[in-house]
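A closer look at the structure
Below are the chains, spelled out letter by letter.
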Amino acid sequence: VAAAAVVLSSGVAHAQSGDSEATLRRAVERCRRGDFDAARGLFEEAFRDDPTGHTLGEMGMCAQREGRWVEAEGWLDAALATDDPWVRRRRGAIE
């Protein structure tokens, strides 16, 4: 939750560059495979390169899959606080 607060205070961009988008896709795939440690590292890299609500949302959903509920809520709340198109399209599922 504290990490999400830091993210919000730094501002979140709305468009992703190609490299960070590819990194985000790899992170989501690692999470789906249950390789949560690798996914976390890739999510952090993608967010560092291009902080977006989409990345925050994916981080939150991965944290849910891993059972890290408090952390998931922080990331998802941070995603919902953005105006990211990916988040807007999935607002109902995220909430």
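Before reading on, note that the structure itself is shown above.
Predicted model only: the values in this text are computed from it and were never measured.

When you go through the protein chain residue by residue, the secondary structure sums to six helices and zero strands. Along the chain direction, N to C, the helices and strands of the protein chain fall in the order α-α-α-α-α-α. The 95 residues of the protein chain split such that 42% are buried. Put simply, of all contacts in the protein chain between residues at least 6 apart along the chain, 56% involve residues at least 24 apart. By element, 50% of the accessible surface of the protein chain is carried by carbon and sulfur atoms, the whole surface being about 5100 Å².

Attention now moves to the nonpolar core. Most often, soluble globular proteins have nonpolar side chains that are buried together. One finds Phe-43, Leu-56, Cys-62, Val-87 and Ile-94 to be the most contacted residues of the largest nonpolar core, which totals 21 residues. Mapped by element, the contributors of at least two residues to this core are α2 (18–33), α3 (36–49), α4 (53–66), α5 (69–80) and α6 (85–94). With residues up to four places along the chain from it excluded, the contact list for Phe-43 reads Leu-24, Ala-27, Val-28, Thr-55, Glu-58, Met-59 and Cys-62.

Looking now at the pattern of salt bridges. One pass over the full model with this rule turns up eight salt bridges. One salt bridge connects Arg-33 with Glu-29, and the closest N-O pair in it is separated by 3.1 Å. Of this pair, Arg-33 and Glu-29 both sit in helix α2, four residues apart, which is roughly one turn of that helix. Here Glu-66 makes a salt bridge to Arg-40, at a shortest N to O gap of 2.6 Å. Residue Glu-66 is located in helix α4, and its partner Arg-40 is located in helix α3; the two are separated by 26 residues in the primary sequence. Assessed through its relative accessible area of 23%, Arg-40 is described here as partly exposed. The network of salt bridges with shared partners includes Asp-37, Arg-40, Glu-66, Arg-68 and Glu-71.

The rules behind the values
Residues numbered from 1 in each chain as written. Predicted model: local features only at pLDDT ≥ 70, side-chain atom pairs only at ≥ 80, totals over all residues. Heavy atoms only, no water. Helix = DSSP H or I, 4+ residues; strand = E, 2+ residues; numbered from the N terminus. Buried < 20%, exposed > 50% of the residue type's maximum accessible area, 1.4 Å probe, protein only. Contact = heavy atoms within 4.5 Å. Areas by Shrake-Rupley, 256 points an atom, 1.4 Å probe, with all protein chains shown as cover. Core = buried A, V, L, I, M, F, W, Y, C linked by side-chain atoms within 4.5 Å. Salt bridge = Lys/Arg side-chain N within 4 Å of Asp/Glu carboxyl O.

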